[in-house]
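Architecture at a glance
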2 protein chains.
Amino acid sequence: MSTSDVKLLGGWPSPFVMRARIALNIKSVDYEFLQEKVGEKSELLLKSNPVYKKIPVLIHADKPICESLIIVQYIDEVWTSGPSILPSDPYDRAIARFWAAYIDDKWFPSVRGIALIAEGDEEKKEAVQEVATGLELLEDAFPKCNKGGNFFGGERIGYLDIALGCFLAWLRVTEKLNNVKLLDEAKTPNLCKWAESFCSDAAVKDVMPETDKLLGFAKVLMARFKAPPAN
Amino acid sequence: MSTSDVKLLGGWPSPFVMRARIALNIKSVDYEFLQEKVGEKSELLLKSNPVYKKIPVLIHADKPICESLIIVQYIDEVWTSGPSILPSDPYDRAIARFWAAYIDDKWFPSVRGIALIAEGDEEKKEAVQEVATGLELLEDAFPKCNKGGNFFGGERIGYLDIALGCFLAWLRVTEKLNNVKLLDEAKTPNLCKWAESFCSDAAVKDVMPETDKLLGFAKVLMARFKAPPAN
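Computed from a predicted model, the values in this text were never measured in an experiment. (Residues numbered from 1 in each chain as written. Chains lettered and ligands numbered in written order. Predicted model: local features only at pLDDT ≥ 70, side-chain atom pairs only at ≥ 80, totals over all residues. Heavy atoms only, no water.)

Here the focus is the relation of the copies chain A and chain B. After a rotation of 180° and a shift along the axis of 0.0 Å, chain A superposes on chain B with an RMSD of 0.0 Å. Such a turn and shift between the copies fits a two-fold axis. For chain A, the smallest separation between a C-alpha atom and the rotation axis is recorded for A:Asp105, amounting to 4.7 Å. Same-surface contact between copies: 100% of interface residues of chain A are shared with the interface of chain B. (Least-squares fit on C-alpha atoms with pLDDT ≥ 70 in both. Contact = heavy atoms within 4.5 Å.)

Another point: the pairing of strand 3 (residues 57-60) of chain B. Residue and element names in this part refer to chain B. By the alternation rule, side chains of strand 3 split into Val57 and Ile59 and Leu58 and His60, which are all buried. Here strand 3 runs beside strand 4 (residues 63-66); their pairing, made up of 4 bridges, is antiparallel. For Leu58, the partnering residue across the bridge sits in strand 4 and is Ile65. Taken together, strand 3 and the strand that follows it, strand 4, pair antiparallel across an intervening segment of 2 residues, in which Ala61 is found at a positive phi of about 50°. (Buried < 20%, exposed > 50% of the residue type's maximum accessible area, 1.4 Å probe, protein only. Helix = DSSP H or I, 4+ residues; strand = E, 2+ residues; numbered from the N terminus. Pairing = 2+ DSSP bridges.)

Attention shifts here to helix 7 (residues 168-178) of chain B. The element helix 7 of chain B is extensively covered by neighbouring structure, given that 8 of its 11 residues are classed as buried. Buried residues of helix 7 of chain B: B:Leu168, B:Ala169, B:Trp170, B:Leu171, B:Val173, B:Thr174, B:Glu175 and B:Asn178, and no others.

Moving on to a positive patch on the surface. A surface patch of positive charge is lined by A:Lys41, A:Lys53, A:Lys54, A:Arg112 and B:Lys106. Topologically, B:Lys106 is positioned in helix 4 (residues 90-116). Taking the relative accessible area as the measure of exposure, B:Lys106 reaches 47% and is therefore partly exposed. (Patch = residues over 30% accessible without salt bridge, like charges linked within 9 Å, V, L, I, M, F, W, Y side chains within 5 Å. Areas by Shrake-Rupley, 256 points an atom, 1.4 Å probe, with all protein chains shown as cover. Salt bridge = Lys/Arg side-chain N within 4 Å of Asp/Glu carboxyl O. Lys, Arg positive; Asp, Glu negative; His and termini not counted. Charge placed at Lys NZ, Arg CZ, Asp CG, Glu CD.)

What follows deals with the domain arrangement of chain A. Residues and elements named next belong to chain A. Each assigned domain of chain A is listed with its residue range as follows: domain 1 (3-78) and domain 2 (90-217). The interface of domain 1 with domain 2 comprises 15 residues on the first partner and 21 residues on the second. Of the roughly 1800 Å² buried between domain 1 and domain 2 on both sides combined, carbon and sulfur atoms contribute 73%. For the domain 1 face of the interface with domain 2, the top three residues by lost area are Trp12, Met18 and Arg19, together amounting to 33%. Where domain 1 touches domain 2, the interface holds 1 salt bridge. A salt bridge links Arg19 to Asp104, with the shortest nitrogen-to-oxygen separation between them at 2.8 Å. Connecting domain 1 to domain 2 are 6 residue pairs in polar contact (both at pLDDT 80 or more). Contributing elements (two or more residues each) for the side of domain 1 that touches domain 2: helix 1 (15-26) and helix 3 (68-78). It is helix 1 that provides the largest number of residues to the side of domain 1 that touches domain 2, a total of 9 residues. Here the side of domain 1 that touches domain 2 is built from residues that sort into 11 nonpolar, 2 polar and 2 charged. (Domains from an automatic or database assignment. Buried area = accessible area lost by both parts, 1.4 Å probe. Polar contact = N/O pair within 3.5 Å; in protein donor to acceptor, adjacent residues only side chain to side chain. Nonpolar A, V, L, I, M, F, W, Y, C, P; charged D, E, K, R; others polar.)

Below you can see the structure in the form of C-alpha cells.
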C-alpha cells in the first residue's frame, strides 16, 4: 500500500481524528497525515467534506470518507486481514454501537459543557455530574462487554475502546483546568484500569497527546475563544 | 422463528419504530408488535432501554437492542438469508451511514423545528429553509448512490432509504399543518419519484401511516403540548 493511497486530514489534538489514527494503526495501514491548521480550512478539506467541513476525513484511493465512527467502521471493513475492530457477534456489535453513539450524543457534550460553562455557574456542577453518571454507566457496561479481557473489545482494543479512549487526554485536561475529578478510582475502578491499558497499547501510545502539551493547546484555544471579536 | 422470539416495542406513529418494522419486513421476520401507550412507559420498556427509555426497542431471544439505526444494522447482520439492507461495498456503506447520520443529526431536527416554532416567527422560515437545503443535498446524493435503480440502495430498498423514508408521512403532516411545501417536484424531482416508489414498496406500504390518521394524531399531540400544566 503506497502512502499516497491513504490520506488522513486531521490535527493532533482532535479526539475524533485520533479514532481514525488508532484504527489505521490496528490494521498496520501506512497513511499520509495531513494536518489542518487551527482556524483555517484547506481547499482539500472543503472539497472532501462539503457538508460539515470538519476533520477527520479519510481519503482512500481519492474517495473521501467523513465522520470518525464511520471512518473506523470503513477501515475495519476494508482492511479485513488485520485484527477486527467491531465485535464479530451481531449483538455485541449492536451494544458497542449503542455505547459509542451514547458517548458522542450524550456524554462528550457534557465534557465539553464543563469547559464552556463559566466558573461558579450552577450548570457547571450539573455538567460534572452528567459526566460522572455517564462514566458510571460505562463502568457497568465494561464487564458485560469485555469477556474477561482488558478492553471493552475483549483481549484487544475494539470499536468502543476507540470511541471512549480517544477522549482520555481531553478528560485529564478538563480535570486540570476546572479542578474537578472526573475519572475516579473509587467510583469507576474498571475504567481507571482500562484507561491505563488503553493508553499504553501499541496502537494508541504514539497518537495519544501528552496531557501538558494538550493543556497548552487548550489554553491557547480558550484565550482565542474568550478574546473580544476583532472589528 | 416463533413470534415470541422477536418482539418490537413501539408505536405506529413513530418514524423510528417504522425503521425497525421495514427492516423486519425486508427480512420476512415474524415479530410481536407491542405498542406503548402515548405518555406512558411500560415496565418492559424501562427495563429494556434504561438509558433513553425510548422506543423502538427490538427484543430478540430476550436481549434488547436500542436505537433505530443500530436495530436496522442488527437485523441486517442476524437475518443474513434475506435481502441485504446495507450495501455490500465498504465505501457505499460509509456513504449510506454518512447520510443516515446526517438525516438524524441535522435534517430531522429542522423538520421538528418547523412544528415547534410558533407561526410568524422568523426562525420558522429558517427551519423551512434548512429542511429544503437538506433535501437538495439528498437529491444530489441520490444518483451517486442508486446505481440506476429506484432507490438509494439500488434496485431494492436499503439502509438510507429506510433512514429517510420513515419520515415521509411526518413530512406531509408538517406541510399540511404549517402550510409549507417541503418536498418540491421542481427542486427535488428525484426524491419525489423515489418517495412514490418507497411508499408503494411491499416492505413499507403496510407500516406507512396514512397522512390523515397521522395528522389527527399530531393534532392530539399538539393540543396536549400546548395545554396549560395541570396543578
